[in-house]
Structure formats: structure tokens, C-alpha cells
Amino acid sequence: MDTNISVVDSDAMLELILQSIQKLIDYELAVILRYDGQETLSVTKAAGPLADATLAGYTISLKHRRDLAAILQGRRPHLFSESEDHIDTYADIINLPLNHSCLVSPLVLGDDTVGLLTFDHRMCNRFNPQIIGFIEMISTLVAALLVQFDVSNELIERTERLLNERNSLLVSGSDAFRNLIGNSPQWIRVLDSIRLVAATEAPVLVLGETGTGKEEVARAIHRLSSRVDRPFVPVNCSALSTSLAESELFGHEKGSFTGALALRKGRFELADKGTLFLDEVGDLPMELQPKLLRALSDGIFERVGGEKPVKVDVRIIAATNIDLAKAIQVGRFREDLYYRLSVFPIALPPLRERTSDIEMLALHFLNSIKERTGNSGLHFTEQAFQAILAHPWPGNVRELKNALERAAILAGSGEIREEHLGLRLHPLATPAARSSARSVAFAEKQAAYAKGGDADESALPLRGTIKKRIEEALETSGGKIYGPDGAAAALNLKPSTLQSKMKKLGIQRERFLAPRREY
């Protein structure tokens, strides 16, 4: 038997111990039972010629075995004598002769009862009273080993559980990213950065134009972090007046100023053990920045009018749409505070730099509006969709969402037309090709909406669009996936990626294979 402790599991280790004991104690049955802390003993390991499958999972109720309960309470080994009247430990599953040898020893560690160790032999007087001390010592070691197994198993299970939870969160389709829509290379880099920094405690500075989704990124980082069950507290620094900003962030004591009728906790205290999101941090009043720096550095601050320091554990995520380097140069922002906040910067691209995501975003927002309002007949005209694709969206994702909300109101329960979008001609607008594959697929999808198409496609328009495009490519290639004339090349996908999508969408390649000729 391999005795390398680093690779031997708990069952093998217990077997090794019982086999070693047999060299000193001539037993025919040795059993280790675990105590559940209530009224039950359960067989964990059995060894010897009399050990068989009937012992696996066998339990003993201490309510019915007061003799064993008394031995456990006494915490000392007990050797039954020939004249001592007792019930066999395993009387209901093993038939042992009268006056057989029987020795039981409680497994205790400190004040805790871990279980029971039993030895049996069919012949009498096989166990010498002189071995009681030895058995007591062995029992202590077995108890310690069982406790260590419990700790190790709990740690392994906890680690596996945390890894599974973390992996389920870190996949691209995770609920943590439910509002971060897009699959362009620029946006994928953002999502990768979120995954990378979320598991740490590092401060994050989210940079980007207005409407690019800075708060959604901050919330995603919080949802993926170990603080997910703690508060996420947002603060709009641009809305803080100089006179009230300190009280808003750090709270105030009762009577600290006129109108302070009671103690009030600030945002830092409310976010204790959680995440504090400082939105538009570049607009934070200069007078407050030194106190914020100290709170970030030491986790300590004083409420307004207070003298007692308050200690908090807060993760900081800040965001801004201004150039902080220029703000530092003109004296509007402290350089040391900037370095404290920008440990891990994440730059969000404007929507005009990830135009391939516009279709996905438009479909997502349209679907959200339909689900929220119950307006299942709402759909785009092709002209409206082309206008959406061509518009540069200077207000980014927020502008797109608001335009669609407004258009849905104007369209009622019918079609969203170009004039409903309220998009003015913009010098950066670019014409979208009406004959492109995605506009054709989109037009067909809109027709499916208008006719009350399949329920699954109405609920998941993007999924239906992707499925149709893959099926069209497979139809054209005759079911061929690989090669320059295969479906993967036509869709600009890796063959393995295409096969994965086909499996997820339930697309059978065999449906598209050209019939073979018989010779």
C-alpha cells in the first residue's frame, strides 16, 4: 500500500491505521464510528475478517444503547469481561458467540466527542487489560485525524464551491454582465478587465464619456467581487454642494450645525464592508479631497462635528468623464488622490467606436421595453433600423436607450419609424448598407415580430437572428463548416466557435449536407 500521506485519502489512511493496530491487537473486527453530536453513531471504516458490506452506513442510536452512551460520557476505554452482561455492539447484523472478546474506546479530542472505536473477536480473552492505555492513546490520535479530515474536506468543499460560483459569474453570459451588452473586440476587452479586477480589492477608476455605462461597469465589478452580499452605495459627486458634501460622504453628529437634529451616517459608513461608487469624482469639491484621501488611505475619518474616529472597510470604484490629468494641471484635482483612485483604470469606448454592438443593443433595449410594457407588437421598420445603425450616438448607450424609450411611446403598439427616433442629421453619421446580411436578417426578424412569430424568437430576437444567419451559411455551404468555402469562413468565425454556437442553438449540421451520390 502506498503510504505517502500527501496522496493517501482519508479512507485509505484509516485502513492503514487499523491494519497497523492489528499487529498489536488480535482482532477479527475493528470499527471506527463517527458521532453526529446528537444521538447517533455511524460506521466510517471497518476492517478485519468479520467486516462485510452490512456494516457500510450502519448506525447506532444512543437512545437505545444507553450502555454505549455511558461509555462515551465516561471518555475512557472499556473492556467487557466474560461475566459482564451487555448487548453486542452489532447484535442486529453480526451474530457473535456468547462471551466473545469486546473492547470499545471513545474517540475524544479535548472537550469534543468525535466517535467510538470498537474491537471484537469471536474467542474470549483475546484482549489483554494491559493494552487499555495503548488503546486510549491510539483513540486520541484517531480522533485528531478524523477532525483534521473534517477540516480538510470542509476547506476543499468551500474552495470548490467558491470556484464554481466564481466561474459561473465569470462566464460571458453571466448575470453579472446582464446590462453590459456587446461582443465587439473593444467591449470584450472591457469585460475582460472587469473579470480581472473584480476578484481583487484594488481601487478602480472607470473612464469614459457620458452615457458609456460607467455605473453599470461599477455594479458588475461589485457583483463579481467577494462583497456581492454587501451594500453598493453610489454617490454623484457633481451633485454635491460644497457646504453639504462633507456631511453627505462622512455623516455628521447631532447638533454639529443648524438643522443637524440627529446623528446621520454618511455614504462611507453606509458602504461599510461593501463598495462605494464615486461617480463624476472629477467634480468633487477641492476642499473635500484631502479628507477623502485620508479615508481612502487609512479607512478612518471623523463625522462632521465629531472627534471620535470612525473606521470602515470600503472598496472604492470611481468614475469620471473629464481628463483628470488636465484637472491636476489647473489645480482642480489633487495628484495624490488621483494616484490613490487610479490603481486599475478601465477606459470605456464610446459607442461610435464599437458600432458592431449597436444592433445587439437596439434589440436588447427593444426587447426590454416589450417585456416591461407587454407591448409584443412593437417593432422597427427597416428605415428606422438603418437610421439607428448610421447614427454616431454622441450620447452613447444612454442616448440610444432613451431614443428607443421615446420612440416606443410615439409608436404606440405598432412599428417604430425613423421619425419616432428623433435623430437629427449628424455630421459624423455614416450610411449603412441596406443590402448587408445583418439588415436582411433583421428585416426578416421584424416580419416575424409583426406576424406574431414563434414565442421563443419573440422572447429572444438576437438568438433567433443568430440562428437564422448560421442556418443560411450552412445552407449555402452544403453543411460544410471548415475551409474557405465553409460556413465558418462565411460568418467570419472559428470553426470550433461555430460548432459551439450550433450546439447551443440546437442546429443539426446533417440537415444541410448535400446528398451523396451512389456509384
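Residues numbered from 1 in each chain as written. Predicted model: local features only at pLDDT ≥ 70, side-chain atom pairs only at ≥ 80, totals over all residues. Heavy atoms only, no water.

> Got a sec to walk through the layout of surface pockets? Specific residues and values, please.
Empty space among the atoms becomes apparent when a probe as large as a water molecule is rolled across them. One number sums up the size of the second largest pocket: a volume of about 520 Å³. Along the wall of the second largest pocket there are 25 residues; nearest its centre are Gly-213, Glu-216, Val-397, Arg-398 and Lys-401. For the lining of the second largest pocket, the elements supplying multiple residues, two or more each, are helix H5 (214-224), helix H11 (358-373) and helix H13 (396-411). In terms of residue count, H11 provides more of the lining of the second largest pocket than any other element does, six residues in total. Across the lining of the second largest pocket, the residue classes tally to seven nonpolar, eight polar and 10 charged. (1 Å grid on protein atoms, 1.4 Å probe; cavity = no way out; pocket = protein on both sides within 12 Å on 5 of 7 lines; lining within 4 Å. Points joined across faces, edges and corners; volume = space filled by probe spheres on them. Helix = DSSP H or I, 4+ residues; strand = E, 2+ residues; numbered from the N terminus. Nonpolar A, V, L, I, M, F, W, Y, C, P; charged D, E, K, R; others polar.)

> How would you explain the sheet that holds strand E12 (residues 315-320) if you had to name every residue and give the values?
Pairing in this open sheet of five strands is parallel, and the strands run E8-E9-E12-E7-E13 from one edge to the other. Both edges of this open sheet fall to strand E8 (232-236) and strand E13 (344-347), since each of them pairs with a single strand only. Neighbouring strand axes in the sheet, compared pairwise and without regard to direction, differ in orientation by 20 degrees on average. Here E8 runs beside strand E9 (residues 275-279); their pairing, made up of five bridges, is parallel. (Pairing = 2+ DSSP bridges. Axes fitted to C-alpha atoms, helices over the stretch in contact; angles between N-to-C directions.)

> Account for the nonpolar core, with residues named and values stated.
Counting residues in hydrophobic clusters, the biggest one holds 30 residues, and the most contacted among them are Leu-249, Phe-268, Leu-276, Leu-278, Ile-316 and Leu-341. Listed by contribution, the elements that provide at least two residues to this core are E8, helix H6 (242-250), E9, helix H8 (289-298), E12, helix H9 (324-329) and helix H10 (335-341). Here the element with the most residues in this core is H8; it accounts for four residues. Excluding residues within four positions of it along the chain, Leu-278 makes contact with Val-235, Cys-237, Leu-249, Leu-292, Ile-316, Ile-317, Ala-318 and Ala-319. (Core = buried A, V, L, I, M, F, W, Y, C linked by side-chain atoms within 4.5 Å. Buried < 20%, exposed > 50% of the residue type's maximum accessible area, 1.4 Å probe, protein only. Contact = heavy atoms within 4.5 Å.)

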